[in-house]
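Now for the letters of each chain:
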Amino acid sequence: MQTGYFSAAWNDVKSSQGWLGKMFLLGLIAFIPVFGPVVLLGYAFGWARDIAWGVHMPMPARIFGNEDGLLYRRGLIVLAICVVCCVIIPGALEGCWDALAGRGLSNVSHAVWGGVGSAAIVSPVYSLFSLAVSLASVMFFLVASMRASIYGRLGPGFQVPRLWAMMRHDMKGLLRVLGLSIVLAIVPAVVTGIVGSLLLGAYGLFSNGAAPDMMFVVTAGMCLVVVFLALAVVVSAASAFAVVMQARAVGYWTRQFDVPAWRGQDDPMPFEMAS
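This is a predicted model, so every value here is computed, not measured. (Residues numbered from 1 in each chain as written. Predicted model: local features only at pLDDT ≥ 70, side-chain atom pairs only at ≥ 80, totals over all residues. Heavy atoms only, no water.)

1. A few points about the packing of aromatic side chains
Per the counting criterion, the structure on display carries nine aromatic pairs. A centroid spacing of 6.1 Å and a plane angle of 25 degrees characterise the contact between phenylalanine 35 and tyrosine 72, whose relative ring orientation is stacked. Within this pair, whereas phenylalanine 35 is found in helix α3 (residues 35–52), its partner tyrosine 72 is found in helix α4 (residues 71–113), the two being separated by 37 residues in sequence. Assessed through its relative accessible area of 34%, tyrosine 72 is described here as partly exposed. Look at phenylalanine 257 and phenylalanine 271: their rings are 5.2 Å apart centre to centre, the planes differ by 55 degrees, and that puts the pair in the tilted class. Note that phenylalanine 257 is positioned in the loop between α8 (214–255) and α9 (270–274) and phenylalanine 271 in helix α9, a separation of 14 residues in sequence. According to the relative accessible area criterion, phenylalanine 271 is buried, its value standing at 18%. An aromatic cluster of three or more residues is present, and its members are Trp10, Trp19 and Phe241. When the ring centre of tryptophan 262 is taken as origin, the NZ or CZ atom of arginine 147, which lies over that ring, is 5.4 Å away. (Phe/Tyr/Trp six-rings, centres within 6.5 Å; stacked < 30°, edge-to-face > 60°. Helix = DSSP H or I, 4+ residues; strand = E, 2+ residues; numbered from the N terminus. Buried < 20%, exposed > 50% of the residue type's maximum accessible area, 1.4 Å probe, protein only. Lys NZ or Arg CZ within 6 Å of the ring centre and 35° of its normal.)

Written out as structure tokens, the structure reads:
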């Protein structure tokens, strides 16, 4: 069982020629509604599928190269899985929780503890429930996307027993991939928030000063817009980098399941037959 999925993914990324430029281009493409995420996901999980098969190649030289003819199909499949796993199912589960908490849990805790106690009990439990649902959704999304990418069809991505069997086999490794994915997603957002707050604070300080020079205020405002646009480009590139790293890492994680020996989508996987 391999470890260091993210370090292996990072070594592959940085050894690919022109990888930084590809991240910026993928980030800009991702701004295009639907088409952009389809291209980004198709590109990232196509490269991840290669390593899951044991094919060790650098990042594809051309984003729109579509060498296997499945770039857009694969991206659309992964996007559909993402919507189901990360939007529809968590929304439905949290909606059920809201109904249960509104009609049951909050009423019981209100009767026992009073109004303040009710909020004190239900809110933290809801937060933990929401966090657990979000983490589980992302894990299922990653494994489902890899399985669907390998077979090139949507169906294998929703075979819950097969997905769960893979997850149980190496939950620790998958949790490491998930944890580092969260870090990669959070750090750019935090840095951008801090920088943006400092810039807005500085602009407000100068523009609200005594008898401000209007020309200076307008010029500073235009510069601020340019800076925020540049930040948006950098953040989009960082987000694309996170997606590529996450996909490649889960591709390495999937490689342990002896993908070349897989048969039909309904057949047991090699590790299941060996156990």
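Further notes follow.
2. Here's the deal with the layout of surface pockets
Each pocket or cavity is described by its volume, and for the largest pocket that value is around 410 Å³. Forming the boundary of the largest pocket are 23 residues, of which Ala185, Ser239, Ala242, Val243 and Gln246 lie nearest the centre. For the lining of the largest pocket, the elements supplying multiple residues, two or more each, are α3, α4, α5 (115–151), α7 (171–207) and α8. Counting residues per element, the lining of the largest pocket draws most heavily on α7, at seven residues. (1 Å grid on protein atoms, 1.4 Å probe; cavity = no way out; pocket = protein on both sides within 12 Å on 5 of 7 lines; lining within 4 Å. Points joined across faces, edges and corners; volume = space filled by probe spheres on them.)

3. Overview of the environment of leucine 71
Position of leucine 71 relative to the elements: it lies in helix α4. Separated by 32 residues in sequence, leucine 71 and valine 39 have C-alpha atoms that sit 6.8 Å apart. Discounting residues that sit within four places of it in the chain, leucine 71 has contacts with Val38, Val39, Gly42, Tyr43, Ile63, Phe64 and Asn66. (Contact = heavy atoms within 4.5 Å.)

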